[in-house]
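Chain by chain, the residues run as shown.
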Amino acid sequence: MRIAVFASGRGSNFNAIAKAIKSQKIKASLALLICDNPDAAVILKAKRFGVKTFLIKRADYKDKPDFENKIIQVLQEEKISLIVLAGFMRILSNDFVLRFKNKIINIHPSLLPAFKGSHAILDAFNYGAKVTGVTVHFVDELMDHGPIILQQALKIEENDTLESLEAKIHKIEHRLYPEAIRLCVQARLKIKGRKVHPALH
Ligand code: GRF
């Protein structure tokens, strides 16, 4: 199965996924990085792993459909079966999501449906939550929403700082995301009782 990761930033999840694929814990090919930010550290990580990068700047396209159509064209050329969102800071349109139904997965640093949005760790910390965690889910038309693949909870300790909490969350992410991708690749996932295999859709 050929996988594309979409990322805009640091790329620590990209790194964890690339390592799991390189060591054959996941038997798939990391064929493509789609990145919308020329300054993102993830680009260097892709280079290090020899993963082809397609850098696409939103400002170079007249509107969102144009921008997404270009991405679709590249995904088709690269024969991608599974799209892995790993810190991609753009909301994909309904059309895009429906076109790749059950083929897009996302990781979110909270126990969904709690703390949606782009500051989930900070929000859980500031709220005074005693438990938070990480969720990997299929992507549907709503933000940070869709059938859950894996979740792991994490206790927020009295002496945790925002920084210590972030570090613990990321450590969980780097184990949980490769595991979820492995289950996906092995076609071991079901949505409402129906087996899901991205390559067959
Ligand atoms: C992660 O915390 C992930 O849960 C969220 O975006 C962040 C990406 O981090 N969706 P990185 O770029 O993989 O280091």
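Heads up: the structure comes first, above all this text.
Described in the following lines is the structure provided in the data block. (Residues numbered from 1 in each chain as written. Predicted model: local features only at pLDDT ≥ 70, side-chain atom pairs only at ≥ 80, totals over all residues. Heavy atoms only, no water.)

Around the ligand, the structure places R10, G11, S12, N13, G87, I107, P109, H170 and E173. In the environment of the ligand, an oxygen atom lies 2.8 Å from a nitrogen or oxygen atom belonging to the backbone of G11. N13 is positioned such that a nitrogen or oxygen atom in its backbone is 2.8 Å from an oxygen atom of the ligand. When the ligand sits alone it has 370 Å² of accessible area, and the protein chains cover 84% of it. Those elements that place two or more of their residues in the shell around the ligand are α1 (12-22) and α6 (162-185). Its residues assigned to classes, the shell around the ligand comprises two nonpolar, five polar and two charged. (Near = heavy atom within 4 Å. Polar contact = N/O pair within 3.5 Å; in protein donor to acceptor, adjacent residues only side chain to side chain. Areas by Shrake-Rupley, 256 points an atom, 1.4 Å probe, with all protein chains shown as cover. Helix = DSSP H or I, 4+ residues; strand = E, 2+ residues; numbered from the N terminus. Nonpolar A, V, L, I, M, F, W, Y, C, P; charged D, E, K, R; others polar.)

Read from one edge of the open sheet, seven strands run β3-β2-β1-β4-β5-β6-β7, paired in mixed fashion. With partners counted over all chains shown, the strands left at the sheet margins are β3 (53-55) and β7 (148-155), one partner each. Strand-to-strand, the axes of this sheet are offset by a mean angle of 15°, without reference to chain direction. Inspection of the sheet shows strand β1 (residues 2-7) paired to strand β4 (residues 82-85) by four bridges, in the parallel sense. Looking at β4, one finds that I3 is bridged to L82. α1 rests against β1, β2 (29-35), β4 and β5 (104-108) of the sheet, and its axis sits at about 165° to β2. (Pairing = 2+ DSSP bridges. Axes fitted to C-alpha atoms, helices over the stretch in contact; angles between N-to-C directions. Contact = heavy atoms within 4.5 Å.)

A separate point is the pattern of salt bridges. Summed over all chains, the structure comprises nine salt bridges. With a closest N to O distance of 4.0 Å, K62 and D63 form a salt bridge. Owing to a relative accessible area of 26%, D63 belongs among the partly exposed residues under this scheme. Among the ionic pairs, R182 bridges to E179, the shortest N-O distance being 3.0 Å. One end of the pair is R182 and the other is E179, both in helix α6 and three residues apart, which spans about a single turn. On the accessibility criterion, E179 (25% relative accessible area) is partly exposed. Beyond isolated ion pairs, a larger network of salt bridges with shared partners links R2, K52 and E78. (Salt bridge = Lys/Arg side-chain N within 4 Å of Asp/Glu carboxyl O. Buried < 20%, exposed > 50% of the residue type's maximum accessible area, 1.4 Å probe, protein only.)

Looking now at the packing of helix α5 (residues 120-127) against α6. One can describe the packing of α5 onto α6 by two numbers: an axis separation of 10 Å at closest approach and a directional angle of 130°. The orientation of α5 relative to α6 falls into the category oblique. Both α5 and α6 take part in a crossing whose hand is right-handed. Only L162, L165, E166, I169 and H170 of α6 make contact with α5, whose side of the interface consists of I121, L122 and F125. Looking at the contact of α5 with α6 residue by residue, the classes come out as six nonpolar, one polar and one charged. (Parallel < 35°, antiparallel > 145°, perpendicular 65-115°, else oblique. Left-handed = near helix turned anticlockwise from the far one by under 90°.)

Further remarks concern unusual backbone geometry. A cis amide bond links L112 with the next residue in sequence, P113, at an omega value of 10°. For P113, the location among the structural elements is in the loop between β5 and α5. With a phi angle near 60°, N102 is a residue other than glycine that sits in the positive phi range. The topology assignment puts N102 in the loop between α4 (94-99) and β5. Within the chain, D144 stands out as a residue other than glycine whose phi angle is a positive 50°. Structurally, D144 is set in the loop between β6 (131-138) and β7.

Worth remembering: the numbers are spatial, not functional.
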